[in-house]
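A look at the structure
If you want the building blocks of each chain, they are given just below.
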Amino acid sequence: MQLTSPRSSTACIRCYKRKVKCSREKQCRNCRLANKDCQYPTRDRNVSVSENYLRALQAAAAQSTTVSIAQSPLGSVSGEGNIGATAEILPPGSTQNQSQLSDPLVEDPTSEVFVSGLKQLHSPAVFLGGPDFSNAAGISPSIGIEAPNIQRQAYEFYQLDFDDLNPSCSFKLPPYPYALLLFDRFNVFVGHDWHWFKRNKFKKSLDSTYKDPKAKELKDRMWLCRLLTVFALGESYNSEATPEIRLTGDKEGSLDNSNNTQEAVRSPPGTEFFEQALALLKIHHEDPSIEQVEALNLVAFYSYSLNRKKAAYMYAGLSIRMSNMLKLHRPSSPPLPAVELEHRKRVWWTTYCVDRMTSTELGLPPAFQVHQVEQSYPDDSTLLPADRVEFHDAETLTTQVQLAFIHGDICENVRSIRKDNTTNVGDLTRPILHRLEDVRARLPSHMSFDVENGMPPAMKQMADRSLASLYQRYHQCFVLLLRPLFLKQISYLLAGDTAKAYQEDVKFLTNTCLRAARTNLKIIIDLRSCDRMTRFGFWESLHLSSGLMILSLAMSVNSRWPNTFDENSDDRNTYDTAKGLLREMIQAGNLGSKGHGQMLAEVEQFQNGLFGGNAQHVFDLGWDVDEWIEQLLGS
């Protein structure tokens, strides 16, 4: 009788789908805490093969005098007469040898694999027992195992003059004290959100650049590109615009804060650093490196400060393709040190999130889907204390990744939610709502705050604003998911269908959307009060405008149909204050905010026609409510 192991060798189905670490007990810890049914996948180790192949295998075995079928790792015959030779696809975080994981994208058709299989034909022992036999001989086209002994040979390619062309250029670095200030601003505002680079190593290189005239960093263009982009991001997070003094003809100095539209528009802060960084950005396509991936991620992120959304998408796409070539999406194996393994892992997840952000903002599919990723989540426990200074909190990055998964699923499913005409709308949204609740419930105590009424004092006093950004993205997921139902309820009211408009599920979900929008507005208002609002931040502006649209519509609907949405006594003050912040971002020169402000103005114009004194006039003109909803959802 075979003893039953108290722990499974694989994760349970629920943990595997959610990409969280499983305790692998018969009722795992995560499922116990969530009060969910815990099930483990059943393994079928049988692979059906053709009769011709089986005969060929038997003939090859008969010619061997040293190896028998019973001794071969692939020769164990099951009760059904099939060769038991399957490769198990393990979930992220598995402790088994993950170098044997199958490629989730394509079969490996390269010539190296084919030639490796041919070389093994000279020895039946190797042929029958080789670890890469299934791939080389084509047993299972759905499993692409790359043998450890297959070496990727350095192929020859035509060298272009462009490859080594580094035209002369000159640029100005800021004074050292200002450089430290910009680096600090970068860390406070965005450095903790994702893993951009090894932070202690970056700081040491920054010091060498300024203090050692013979430092190697002074000749490293990719390093200088990353440094200048960090300076650009740091400068873009200055909470106040730089005052500009102009001497007029009457010899009097004046502090110029006017909004004269005839004056030249100032460049966004950090633009000069960024242009210098782009001049140094030389991508070596035939020689990919993690440093190039880091540079592309930073460049893509700063591009949003200039509202260059398509450029950000292109940079992010190149970054994730380079990460794919470096196989960052797969767990690396020793002998790499633990700090390097963790660095590769976190660079990958940062790249994945940047790709998700840039693609969904343009309504385009991301380069990678979550089921194609074999990498595990960030983990501080594998690092020595001396190595932890290179990284920020693993739990923050892990939560950002989980929200990126959910955000992507929302963008893919929101169209079906909007077009569904059934009354049971809860079934369409409940799975994602449960995932969001799970993310919130799993936050450790040092990250868990009640922010419904804004940022609590303990959160305001933190050294960085990573949690404020995290909670904004969290609540924005609710807004994106439930906004179609919010607008659908308004359309029911305008059509006079109160039965559908006031059904319990719809009211609960639309009020959930309203609470999330209101919460984001209060977080941003509190950020402004403690000089942590990003005046040139694209995403902050997006969250601000999204919340304003929902709150504005809710107040207008309640003015015509009282108590349709849950009201707070300070909603009008919250709206006016938040709208003033958006106006402040627009006046500072934030082009993303300018577009968001235009959309908000359209929403206000539409609702004045719908809910104001001229509502009947709007309908007499044949104005299409469904078209209005389409326009808002499209924004």
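Residues numbered from 1 in each chain as written. Predicted model: local features only at pLDDT ≥ 70, side-chain atom pairs only at ≥ 80, totals over all residues. Heavy atoms only, no water.

A word on the nonpolar core
Basically, it comes down to this: Take the buried residues of types Ala, Val, Leu, Ile, Met, Phe, Trp, Tyr and Cys, join any two whose side-chain atoms come within 4.5 Å, and each joined set is a nonpolar core. Under the scheme applied here, a residue whose accessible area is under 20% of the maximum for its type counts as buried, over 50% as exposed, and between as partly exposed, the area being computed with a 1.4 Å probe on protein chains only. Each helix corresponds to a stretch of at least 4 residues labelled H or I by DSSP, and each strand to a stretch of at least 2 residues labelled E; elements are numbered beginning at the N terminus. Whether two residues are in contact is decided by their heavy atoms, any of which lying within 4.5 Å being enough.
With 71 residues, the main nonpolar core has Trp 196 and Phe 301 as its most contacted residues. It is helix α9 (residues 221-236) that contributes the most residues to this core, 10 residues altogether. Among all residues touching Trp 196, those that are not within four sequence positions of it are Phe 186, Val 190, Gly 191, Glu 294, Asn 297, Leu 298, Phe 301, Thr 350 and Val 354. Leu 481, Leu 494, Val 557 and Leu 581 belong to the second largest nonpolar core, which has 61 residues in total.

Things to note about a nonpolar patch on the surface
Under the convention used in this document: Residues enter patches when their relative accessible area tops 30% and they take part in no salt bridge; the joining distance is 9 Å for like charges and 5 Å for the nonpolar side chains Val, Leu, Ile, Met, Phe, Trp and Tyr. To be clear on the numbers: accessible area is Shrake-Rupley with a 1.4 Å probe, and residue cover counts the displayed protein chains and nothing else. Any carboxyl oxygen of Asp or Glu that lies within 4 Å of a side-chain nitrogen of Lys or Arg is treated as forming a salt bridge with it.
A surface patch of nonpolar side chains, amounting to about 490 Å² of accessible area, comprises Tyr 158, Leu 160, Phe 162 and Leu 165. Locating Leu 160 in the fold gives a position in the loop between α6 (133-136) and α7 (176-191). Since its relative accessible area comes to 45%, Leu 160 is described here as partly exposed.

Some details on the confidence of the model for the protein
This is how it is decided: On a range of 0 to 100, pLDDT expresses the predictor's confidence in each residue.
Chain-level pLDDT for the protein is 77 on average; 70% of the residues reach the 70-or-more range. Considering each helix and strand of the protein separately, the mean pLDDT is smallest for α6, with a value of 35, and largest for helix α11 (residues 290-303), with 97. The low-confidence segment residues 64-107, where pLDDT is below 50, has 89 contacts with residues more than four positions distant or belonging to other chains.

Considering unusual backbone geometry
The residue Arg 24 is not glycine, and still its phi comes out positive at about 65°. With relative accessibility at 10%, the residue Arg 24 sits in the buried group. If you check the backbone angles, Asn 563 has positive phi at about 70° while not being a glycine. With respect to the helices and strands, Asn 563 occurs in the loop between α20 (538-560) and α21 (571-588). The exposed category is assigned to Asn 563, whose relative accessible area is 60%.

Description of the environment of Lys 219
Mapping Lys 219 onto the fold places it in the loop between α8 (199-211) and α9. A relative accessible area of 77% means that Lys 219 is categorised as exposed. Spatially, the C-alpha atoms of Lys 219 and Thr 209 are 9.7 Å apart, while their sequence positions differ by 10 residues.

Some thoughts on the pattern of salt bridges
Tallied over the entire structure, the rule returns 21 salt bridges. Here Arg 346 and Asp 380 are joined by a salt bridge, their closest N and O atoms 2.6 Å apart. With Arg 346 in helix α13 (residues 338-361) and Asp 380 in the loop between α13 and α14 (394-419), this pair connects stretches of sequence that are 34 residues apart. Using a relative accessible area of 2% as the deciding quantity, one classes Arg 346 as buried. The class for Asp 380 is partly exposed, based on a relative accessible area of 22%. Of the charged contacts, one joins Asp 409 and Arg 435 as a salt bridge, the two residues approaching to 2.6 Å between their closest N and O atoms. Here Arg 435 lies in helix α15 (residues 426-441) and Asp 409 lies in helix α14, a separation of 26 residues in the sequence.

Some thoughts on the packing of α11 against helix α12 (residues 309-325)
In plain terms, the rule: Interaxial angle, 0 to 180 degrees, is taken between N-to-C directions of lines fitted to C-alpha atoms, where a helix line uses only the stretch in contact. Under this scheme an angle from 65 to 115 degrees is roughly perpendicular, one under 35 degrees roughly parallel, and one over 145 degrees roughly antiparallel; angles in between are oblique. Each crossing gets its handedness from the near helix: less than a right angle anticlockwise from the far helix is left-handed, clockwise is right-handed. The classification used treats Ala, Val, Leu, Ile, Met, Phe, Trp, Tyr, Cys and Pro as nonpolar, Asp, Glu, Lys and Arg as charged, and all other residues, Gly among them, as polar.
Interhelical geometry of α11 versus α12 gives an angle of 160° and a closest axis separation of 8 Å. Judged by the inter-axis angle, α11 sits roughly antiparallel to α12. Helix-helix and strand crossings are classified by hand; for α11 and α12 the assignment is left-handed. In this structure, α11 contributes Gln 292, Val 293, Leu 296, Asn 297, Val 299, Ala 300 and Ser 303 to the contact, and α12 contributes Ala 312, Tyr 315, Ala 316, Leu 318, Ser 319, Met 322 and Ser 323. Taken together, the residues of the contact of α11 with α12 sort by class into nine nonpolar, five polar and no charged.

Here we look at α21
Applicable threshold: The length a helix should cover is 1.5 Å for every residue beyond the first.
The end-to-end C-alpha distance of α21, which contains 18 residues, comes to 26 Å, matching closely the 26 Å that a straight helix rising 1.5 Å per residue would cover. Two residues or fewer past α21, Gly 589 is found with a positive phi of approximately 105°.

As for the packing of α11 against α13
Following both chains from N to C, one finds α11 and α13 inclined at 30°, their axes separated by 10 Å at the closest point. α11 and α13 meet at a crossing whose hand is left-handed. Of α13, the residues touching α11 (which contributes Ile 290, Val 293, Glu 294, Asn 297, Ala 300 and Phe 301) are His 343, Arg 344, Val 347, Thr 350, Thr 351, Val 354 and Met 357. In terms of residue class, the contact of α11 with α13 is built from seven nonpolar, four polar and two charged.

Some details on the environment of Tyr 313
Counting through the fold element by element, Tyr 313 comes out in helix α12. For Tyr 313, a relative accessible area of 23% gives the class partly exposed. Residues Tyr 313 and Ser 303, spaced 10 residues apart in sequence, show a C-alpha to C-alpha distance of 9.3 Å. Excluding residues within four positions of it along the chain, Tyr 313 makes contact with Thr 358, Ser 359, Leu 362, Leu 364 and Pro 365.

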